[in-house]
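Read off the chains here:
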Amino acid sequence: MILLDGKATAAAIRAELKDEVAALRAAHGRAPGLAVVLVGEDPASQVYVRMKVKACEETGIVSRKITPPADIRQEDLEALIRELDADSDVDGILVQLPLPLGLESQSILDLIDPCKDVDGFHPVNVGRLSAGLPGFKPCTPAGCIELLRRYNLSTRGKKAVVVGRSNIVGKPLASLLMLSGDYGDATVTVCHSRTRNLADEVRQADFVFAAIGRPRFITADMVKDGAVVVDVGINRTETGLVGDCDFEGMKDKVAAITPVPGGIGPMTIALLMRNTVQAFRAHMEK
Ligand code: GUN
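None of the values given here were measured: they were computed from a predicted structure.

Draft legend 1. Representation of unusual backbone geometry in the model. Cis geometry is adopted by the peptide bond preceding Pro-98, which originates at Leu-97 and carries an omega value of 0°. Here the residue pair Val-260 and Pro-261 is connected by a cis peptide bond, since its omega of -5° sits within 30 degrees of zero. Inspection of the secondary structure assignment puts Pro-261 in the loop between β11 (256-257) and α10 (264-285). In this model, Asn-152 sits at a positive phi of 55°, which is unusual for a non-glycine residue. Of note, Asn-152 is situated in the loop between α6 (139-150) and β5 (159-163).

In structure tokens form, the structure reads like this:
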């Protein structure tokens, strides 16, 4: 079994980006800038945002953390996004999700300039991905694909099953797997809570992507021998963080699997850094 080490791979990507950022900074007189908006005090979101800010520091990206209170009015949050859109020192804008109850996230995401939408959540970027056009790709799905690329695990012509249909992971991951290329060109099935015989669907898969958000939901009996398993889940349980897959149960059955933690989590953040550098380059060429 090959352990797909997202932690080490993400560190390698950050090291590559650090050199790239230093060169860009020398050429353009400033470093790429990322605005991170964290509304309220959700503890999990605070952890994620802290990791994103830390990754910026490591790669030389200038981060600006903005932390409005949970009771900010919708129109005031919208005004903040408009300010960031207009700020020429801000290359990328990230609004940490989920937003507190009472705030409507889609109309916030719709306001982010698609050229600064480093999360790839704006409908323009969603559409561009779907159409196979260049644009920002959501960081978690892009991190899954990049991890496979670094381990030379091509999905071309293979059966891929994505479990989960969220806008943040499942749907964009299915889109990426359908693009042309060595790490696309898959035959993709998307399963969700209403899928009949989910276990039978997953058992067909050469590549299993688990993004359901239920601890150890995918068990060893559901995966075929020699499958590649990418576990996107991060679930807090009494025994600590666990993924959506029963790692211990299936580790001797699969060809390759990501650990949780240390798998897709760090890759998501590395790809956010890469998207921010991409935003900066495009901004400088305008
Ligand atoms: N919440 C869970 N995943 C993500 C992500 O990739 N980006 C943002 N902004 N919020 C999230």
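Draft legend 2. Structural context of the site of the ligand. The immediate surroundings of the ligand are formed by Lys-52, Leu-94, Val-95, Gln-96, Leu-97, Asp-119, Phe-121 and Ile-168. Val-95 is positioned with one of its backbone polar atoms (N or O) 2.8 Å from a nitrogen atom of the ligand. Compared with its free state, where it exposes 280 Å², the ligand has 83% of that area covered by protein. When its residues are assigned to classes, the shell around the ligand shows five nonpolar, one polar and two charged.

Draft legend 3. Quick peek at the sheet that holds strand β4 (residues 92-95). Within the open sheet, the three strands sit side by side as β3-β2-β4. Their pairing is parallel. Strands with a single pairing partner mark the edges of an open sheet, and in this sheet they are β3 (62-66) and β4. The sheet shows a mean angle of 20° between the axes of neighbouring strands, taken without regard to direction. Helix α2 (residues 43-59) contacts β2 (33-37), β3 and β4 of the sheet and is inclined by roughly 155° relative to β3.

Draft legend 4. Layout of the nonpolar core. By size, the foremost hydrophobic cluster in this structure holds 50 residues, and its most contacted members are Leu-34, Leu-148, Leu-173, Leu-177, Phe-209 and Met-273. The element contributing the most residues to this core is α10, with 10 residues. In this structure Phe-209 touches Cys-144, Leu-148, Ala-160, Val-161, Val-162, Val-163, Leu-173, Leu-177 and Val-230, once residues within four positions along its chain are discounted.

Draft legend 5. Up close: the sheet that holds strand β7 (residues 207-210). On the basis of which strands lie adjacent, the open sheet formed by six strands has the order β1-β11-β8-β7-β5-β6 and parallel pairing. Unpaired on one side and paired on the other, β1 (2-3) and β6 (187-191) mark the two borders of the sheet.

Draft legend 6. Main features of helix α3 (residues 74-86). Compared with an ideal rise of 1.5 Å per residue, which puts 13 residues at 18 Å, α3 spans 19 Å between its outermost C-alpha atoms and is within 8% of the ideal. For α3, the full list of buried residues reads Leu-77, Glu-78, Leu-80, Ile-81 and Leu-84. Buried residues of α3 fall within an arc of 155° about the axis and therefore sit on the same side. Those residues of α3 that are exposed and aimed more than 90 degrees away from the buried face are Glu-83 and Ala-86. Summarising the contacts, the buried residues of α3 are in contact with β2, β3, β4 and α4 (105-109).

Draft legend 7. Main features of the state of the cysteines. With the rule as written, the count across this model stands at zero disulfides. Here Cys-139 stays free of any disulfide, with the sulfur of Cys-56 as its closest cysteine sulfur at 11 Å. Here Cys-139 falls in the buried class, since its relative accessible area comes to 5%. Between Cys-191, a cysteine without a disulfide, and Cys-245, which holds the nearest cysteine sulfur, the sulfur-to-sulfur distance is 13 Å.

Draft legend 8. Region of interest: the pattern of salt bridges. Enumeration according to the criterion identifies 15 salt bridges in this entry. In this structure, Arg-156 engages Asp-182 in a salt bridge whose closest nitrogen and oxygen atoms are separated by 2.8 Å. Placement of the pair is Arg-156 in the loop between α6 and β5 and Asp-182 in the loop between α7 (170-178) and β6, with a sequence separation of 26 residues. Arg-156 gets classed as partly exposed once you look at its relative accessible area, which sits at 44%. It is possible to trace a salt-bridge network through shared partners that takes in Glu-16, Glu-146, Arg-149, Arg-150 and Arg-274.

Draft legend 9. Just the packing of helix α1 (residues 6-28) against α6, in detail. At a minimum axis distance of 11 Å, the contact between α1 and α6 shows a crossing angle of 95°. By the criterion of interaxial angle, the relationship of α1 to α6 is roughly perpendicular. Between α1 and α6, the residues in contact are Gly-6, Thr-9, Ile-13 and Glu-16 and Glu-146, Leu-147 and Arg-150, respectively. By residue class, the composition of the contact of α1 with α6 is two nonpolar, two polar and three charged.

Procedures and definitions
Residues numbered from 1 in each chain as written. Predicted model: local features only at pLDDT ≥ 70, side-chain atom pairs only at ≥ 80, totals over all residues. Heavy atoms only, no water. Helix = DSSP H or I, 4+ residues; strand = E, 2+ residues; numbered from the N terminus. Near = heavy atom within 4 Å. Polar contact = N/O pair within 3.5 Å; in protein donor to acceptor, adjacent residues only side chain to side chain. Areas by Shrake-Rupley, 256 points an atom, 1.4 Å probe, with all protein chains shown as cover. Nonpolar A, V, L, I, M, F, W, Y, C, P; charged D, E, K, R; others polar. Pairing = 2+ DSSP bridges. Axes fitted to C-alpha atoms, helices over the stretch in contact; angles between N-to-C directions. Contact = heavy atoms within 4.5 Å. Core = buried A, V, L, I, M, F, W, Y, C linked by side-chain atoms within 4.5 Å. Buried < 20%, exposed > 50% of the residue type's maximum accessible area, 1.4 Å probe, protein only. Expected span 1.5 Å × (residues − 1). Arc of directions from axis to C-beta. Disulfide = S-S within 2.5 Å. Salt bridge = Lys/Arg side-chain N within 4 Å of Asp/Glu carboxyl O. Parallel < 35°, antiparallel > 145°, perpendicular 65-115°, else oblique.

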